[in-house]
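What the coordinates show
In case you want the letters, here they are:
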Amino acid sequence: MQWFSLAAEQGHASAQYNLGVQYDIGNSVHQDDAEAVKWYRLAAEQGLDDGQRQLGWMYDGGRGVPQDRSEAMKWYRLAAKQGDGLAQVYLGMMYDRGHGVLQSKIMAHMWYNIGAANGSELVREHGIAERDFLATQMASADISTAQAMASECMSSNYQNCGE
């Protein structure tokens, strides 16, 4: 904790993120959502995708900040555009449920697809499960549209993602 704190105070984004995690889960320090948000925000504002994703998570759940799903979408998008698979799956969930954005099964399917392609094994499995369940509620033409959009999004380095 001492080294994380020193590095974080000096502006190291990854140390700021890791300090945020410590406060988020209460590891080696008293659990404190507001303090976690403080450190996640500092890392996020420096462009660290992990910090952006976790700050989005805090806004999504109203942890340490008032719940604001539009703000959560902002931070998830920033992380997703850097290839963060978990943030991409979270975007899928937001579109799937209409949280902070107009509900869109096509956009949800697209982000689940992208997150499944980019995430760790656990993230991949989650993205695939969510995508496949959602597909049971969609017309085949909409699934094809979502798949084409996912391809375009990925090939454009997350610049053309249907938004």
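Up top is the structure.
The notes below deal with the structure included here. Just so it is clear, the structure is predicted and the values come from calculations on it, not from any experiment.

Direction vectors running N to C along helix 7 (residues 105–118) and helix 8 (residues 121–135) enclose 155°, while the axes themselves pass 8 Å from each other. The orientation of helix 7 with respect to helix 8, classified from their angle, is roughly antiparallel. Along this stretch, helix 7 crosses helix 8, giving a crossing that reads as left-handed. Contact residues: helix 7 offers Lys105, Ala108, His109, Tyr112, Asn113, Gly115 and Ala116, while helix 8 offers Val123, Arg124, Gly127, Ile128, Glu130, Arg131, Leu134 and Ala135. For the contact of helix 7 with helix 8, the per-class residue count stands at seven nonpolar, four polar and four charged.

Moving on, we get to helix 3 (residues 33–45). Spanning 13 residues, helix 3 covers 18 Å between terminal C-alpha atoms, matching the ideal 18 Å at 1.5 Å per step. When helix 3 is considered as a whole, its buried residues turn out to be Ala36, Val37, Trp39, Tyr40, Ala43 and Ala44. Turning to helix 3, the residues buried within the fold contact helix 1 (2–9), helix 2 (13–25), helix 4 (49–61) and helix 5 (69–80). A side-chain oxygen of the first residue of helix 3 lies 3.1 Å from the backbone nitrogen of Ala34; this N-cap is Asp32. Backbone geometry just after helix 3 places Gly47 at a positive phi near 95°.

The next thing to look at is the pattern of salt bridges. Considering all chains together, one arrives at nine salt bridges under this definition. For Arg53, the salt bridge identified is with Asp84, shortest N-O distance 2.5 Å. Of this pair, Arg53 sits in helix 4 while Asp84 sits in the loop between helix 5 and helix 6 (85–97); the two residues are 31 residues apart in sequence, bridging distant segments of the chain. Like Arg53, the residue Asp84 is buried in the burial classification. Asp60 is the partner of Arg69 in a salt bridge, and the nearest nitrogen-oxygen pair spans 2.9 Å. Given the relative accessible area of 27%, Arg69 is considered partly exposed.

Thresholds applied
- Residues numbered from 1 in each chain as written.
- Predicted model: local features only at pLDDT ≥ 70, side-chain atom pairs only at ≥ 80, totals over all residues.
- Heavy atoms only, no water.
- Axes fitted to C-alpha atoms, helices over the stretch in contact; angles between N-to-C directions.
- Helix = DSSP H or I, 4+ residues; strand = E, 2+ residues; numbered from the N terminus.
- Parallel < 35°, antiparallel > 145°, perpendicular 65-115°, else oblique.
- Left-handed = near helix turned anticlockwise from the far one by under 90°.
- Contact = heavy atoms within 4.5 Å.
- Nonpolar A, V, L, I, M, F, W, Y, C, P; charged D, E, K, R; others polar.
- Expected span 1.5 Å × (residues − 1).
- Buried < 20%, exposed > 50% of the residue type's maximum accessible area, 1.4 Å probe, protein only.
- Polar contact = N/O pair within 3.5 Å; in protein donor to acceptor, adjacent residues only side chain to side chain.
- Salt bridge = Lys/Arg side-chain N within 4 Å of Asp/Glu carboxyl O.

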